[in-house]
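Notes for the structure review
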Amino acid sequence: MTFKPISFTLNGSSKAAFATEGQNLLDFLRRAVGDLSPKYGCGQGTCGACTVMIDNVPQLACLVLAESVEGRAVNTAAGLANGPRLDPLQEAFMERFAAQCGYCTAGMLVAARALLDANPRPSREEVIEGISGNLCRCTGYEPIIDAILDVAEGRVQA
Amino acid sequence: MAVQVQTHSSLIAAQQALGQGGTYLAGGTLVMRGVNAGEVQGVIVRATDPELRRIASTSEGVRIGAGSTMADILASRDLDFLHPVARAIGGPQVRAMATVGGNLFAPHPYGDFTVALIALGARAVLVQGGPRPVEELMRVRARPPLVAAIDVMRPRDMRAFGWLKVSRIKPKGVSVLSIAALLVREGGRVRGARIAFGAMGAHPLRSAGAERALEGQALDATSIARAAQAACLGLEPPTDALASSWYRREVAGVHLRRLLEQMA
Ligand SMILES: Cc1cc2nc3c(=O)[nH]c(=O)nc-3n(C[C@H](O)[C@H](O)[C@H](O)COP(=O)(O)OP(=O)(O)OC[C@H]3O[C@@H](n4cnc5c(N)ncnc54)[C@H](O)[C@@H]3O)c2cc1C
Ligand code: FES
Ligand code: FES
């Protein structure tokens, strides 16, 4: 098996690790780098549990070739909190009970952060559209939408 | 994993590499699925050529680099007429990854962007060989040539271009079918009608029946009803988990009628 060295930035820190040939970014982050926050749900692009930001753009890590992040900046849910200070979205998800089994949560949080970074005051429809690439089998989405709107409308702050 | 990845800095080098066989990887939303499932094996060829993501106005319209993503389309003011089409593809993450080039060769029921390109009479700029109508490329999908860019004309009258996608899940859902229509009117009559369907055959295609029904006619209730009736002539829509062939045939005319009524 061939290994390729990859240097990139993960949540603001420089990282270097070896990827196997054809390995996807999700597998690479979880196995080679040790960031377990992005989740494997389908490996097909349908669930969004593996959502990460690459150069500030939300993408599906299971469909990204690991070696393509060479020199780029990857951000995952593990990097949302600043030390003990949670991202307001994380606070709002807790308050609204927007995570039940929690499997979708890391991907939802990254998709929601990407949405709010691009559009800090989204409408309810825009929130629905913003998380339309993420499946949740537990919550029925309403608490997640409400949590994101709580942050957008300033009801929850860091 | 029995794959070997080659990364080339130019499209010409990528084309040469593909000459030895292999799979070209663009946004990867379909190829990486295959890699993950072990279905895509052997050499995978990537290109990092910056031209791939260039969107530029030309005297003929707009040239879209084949590696431009749906998000790139949405960020381009020159391509505002294609925004509703790009917005209808996947969720935000897929739109940030899915390329125009990959959409050309995405299997049924995908290819929504290509449906619009066919209706607009877009041409593919190949890495090797002259430009070819996108429509013609559909016939060589088994061994597609490497596409560098797409040339598309902006409709002179925005009302001449219409787009509609029917899916079960909203806002994100795969097509039951999609329709794009370019109906330029001269003296109130349709000239050179172009109507394309997605998910109504093995690949995006034109509806010769509907086009014939509209050609030279005013876009009114009578011509629209005829076009709706003729929509599926010669088409053999596939059956899949979303809809049966029978269902697609039943509803294609209804949706075409609704689109044409909006454009009338
Ligand atoms: C969750 C999900 C939802 C989706 N929803 C939609 C949808 O609503 N509508 C839709 O149309 N599609 C949809 N797709 C399918 C797919 O994302 C798009 O069709 C996309 O445009 C494919 O582009 P890509 O760059 O990812 O292709 P890739 O996976 O990189 O490539 C696809 C094919 O095209 C070939 N190819 C790529 N670029 C070129 C080129 N320049 N020249 C020659 N061959 C090339 C590749 O070799 C491969 O055979 C969806 C996919 C997923 C995972
Ligand atoms: S694991 Fe990536 S989208 Fe499901
Ligand atoms: S909380 Fe269980 S899938 Fe969303």
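Quick caveat, the model's predicted, so the values are computed rather than measured.

1. Here we look at the packing of aromatic side chains
All names here are of chain A. For the structure shown, the criterion picks out one aromatic pair over all chains. Look at F8 and F28: their rings are 5.7 Å apart centre to centre, the planes differ by 50°, and that puts the pair in the tilted class. A residue pair is termed long-range when its members are at least 10 positions apart, and F8 in strand β1 (residues 3-10) and F28 in helix α1 (residues 25-33) qualify at 20 residues. Here F8 matches F28 in class, with each residue buried.

2. Details of the packing of helix α3 (residues 105-118) of chain A against helix α5 (residues 142-152) of chain A
Residue and element names in this part refer to chain A. Following both chains from N to C, one finds α3 and α5 inclined at 35°, their axes separated by 11 Å at the closest point. Crossing of α3 against α5: the hand is right-handed. Facing M108, A112, L115 and L116 of α3, the residues of α5 in contact are I144, I148, V151 and A152. Taken together, the residues of the contact of α3 with α5 break down into eight nonpolar, no polar and no charged.

3. A word on the site of ligand 1
All names here are of chain B. Neighbouring residues of ligand 1: 31 residues in total, closest Y24, G27, T29, T99 and K165. With respect to ligand 1, the backbone of G27 contributes an N or O atom lying 2.7 Å from an oxygen atom. A distance of 2.8 Å separates an oxygen atom of ligand 1 from a polar backbone atom of V31. For ligand 1, whose free accessible area comes to 970 Å², the fraction covered by protein is 95%. Those elements giving two or more residues to the shell around ligand 1 turn out to be α2 (31-36) and α6 (100-104). Class assignment for the residues of the shell around ligand 1 results in 16 nonpolar, 12 polar and three charged. Inspection of the shell around ligand 1 shows a minimum of three residues originating in each of domain 1 (3-47) and domain 2 (50-152).

4. A short note on the sheet that holds β1(A)
All names here are of chain A. As summarised here, the arrangement of the five strands in space is β2-β1-β5-β3-β4, forming an open sheet in which the pairing is mixed. Edge positions in the sheet fall to β2 (13-20) and β4 (57-60), since each of these pairs with one other strand and no more. Neighbouring strand axes in the sheet, compared pairwise and without regard to direction, differ in orientation by 45° on average. In the sheet, strand β3 (residues 51-54) pairs with strand β5 (residues 73-75) via two bridges, with the strands oriented antiparallel.

5. Comments concerning the layout of surface pockets
What the second largest pocket holds in volume is close to 1300 Å³. As for the second largest pocket, its lining consists of 45 residues, of which A:V57, A:Q59, B:T69, B:A96 and B:M97 are closest to the centre. Elements represented by at least two residues in the lining of the second largest pocket include exactly β3, β4, α3 and α4 (124-130) of chain A together with β3 (42-47), α3 (70-75) and α5 (92-97) of chain B. It is α3(A) that contributes the most residues to the lining of the second largest pocket, five residues altogether. Among the residues forming the lining of the second largest pocket, the class breakdown is 23 nonpolar, 11 polar and 11 charged.

6. Regarding the packing of helix α10 (residues 221-230) of chain B against helix α11 (residues 245-263) of chain B
Residue and element names in this part refer to chain B. Their axes nearest at 8 Å, the elements α10 and α11 cross at an angle of 150°. Classed by the angle they form, the pair α10 and α11 counts as roughly antiparallel. Every pair of crossing elements has a handedness; the one defined by α10 and α11 is right-handed. Across from I224, A227 and A228 in α10, the residues of α11 making contact are G253, L256, R257, L260 and E261.

7. Remarks on the domain arrangement of chain B
Residue and element names in this part refer to chain B. Taken domain by domain, chain B consists of domain 1 (3-47), domain 2 (50-152) and domain 3 (158-263). With centres defined by C-alpha atoms, the gap from domain 1 to domain 2 works out at 19 Å. Listed as interface residues are 12 residues of domain 1 and, on the opposing side, 12 residues of domain 2. Of the roughly 1100 Å² buried at the junction of domain 1 and domain 2 (both faces included), carbon and sulfur atoms supply 71%. Taken together, the links from domain 1 to domain 2 amount to zero salt bridges. Taken together, the links from domain 1 to domain 2 amount to one residue pair in polar contact (both at pLDDT 80 or more). The dominant element in the side of domain 1 that touches domain 2, judged by the number of residues it contributes, is helix α1 (residues 11-18), at five residues. Tallied by class, the residues present in the side of domain 1 that touches domain 2 amount to eight nonpolar, three polar and one charged.

8. Some points on the pattern of salt bridges
All names here are of chain A. All told, the structure shown has 26 salt bridges over all chains when counted by the stated rule. Close ionic contact of E142 with R124 constitutes a salt bridge, the shortest N to O distance being 2.4 Å. Of this pair, E142 sits in helix α5 while R124 sits in helix α4, and the two are 18 residues apart along the sequence. Taking relative accessible area as the criterion, E142 reaches 42% and is therefore assigned partly exposed. Taken together, the salt bridges that share partners define one network made up of R96, R124, E142, D146, D150, E153 and R155.

9. Thoughts on empty space enclosed by the protein
All names here are of chain A. Under the counting rule described, the total for this entry stands at one cavity of 30 Å³ or more. By volume, the largest cavity amounts to about 30 Å³. Every residue lining the largest cavity is listed: A98, A99, Q100, C101, G102, C104, T105, C136, C138 and T139. Tallied by class, the residues present in the lining of the largest cavity amount to six nonpolar, four polar and no charged.

What counts and how
Residues numbered from 1 in each chain as written. Chains lettered and ligands numbered in written order. Predicted model: local features only at pLDDT ≥ 70, side-chain atom pairs only at ≥ 80, totals over all residues. Heavy atoms only, no water. Phe/Tyr/Trp six-rings, centres within 6.5 Å; stacked < 30°, edge-to-face > 60°. Helix = DSSP H or I, 4+ residues; strand = E, 2+ residues; numbered from the N terminus. Buried < 20%, exposed > 50% of the residue type's maximum accessible area, 1.4 Å probe, protein only. Axes fitted to C-alpha atoms, helices over the stretch in contact; angles between N-to-C directions. Left-handed = near helix turned anticlockwise from the far one by under 90°. Contact = heavy atoms within 4.5 Å. Nonpolar A, V, L, I, M, F, W, Y, C, P; charged D, E, K, R; others polar. Near = heavy atom within 4 Å. Polar contact = N/O pair within 3.5 Å; in protein donor to acceptor, adjacent residues only side chain to side chain. Areas by Shrake-Rupley, 256 points an atom, 1.4 Å probe, with all protein chains shown as cover. Domains from an automatic or database assignment. Pairing = 2+ DSSP bridges. 1 Å grid on protein atoms, 1.4 Å probe; cavity = no way out; pocket = protein on both sides within 12 Å on 5 of 7 lines; lining within 4 Å. Points joined across faces, edges and corners; volume = space filled by probe spheres on them. Parallel < 35°, antiparallel > 145°, perpendicular 65-115°, else oblique. Buried area = accessible area lost by both parts, 1.4 Å probe. Salt bridge = Lys/Arg side-chain N within 4 Å of Asp/Glu carboxyl O.

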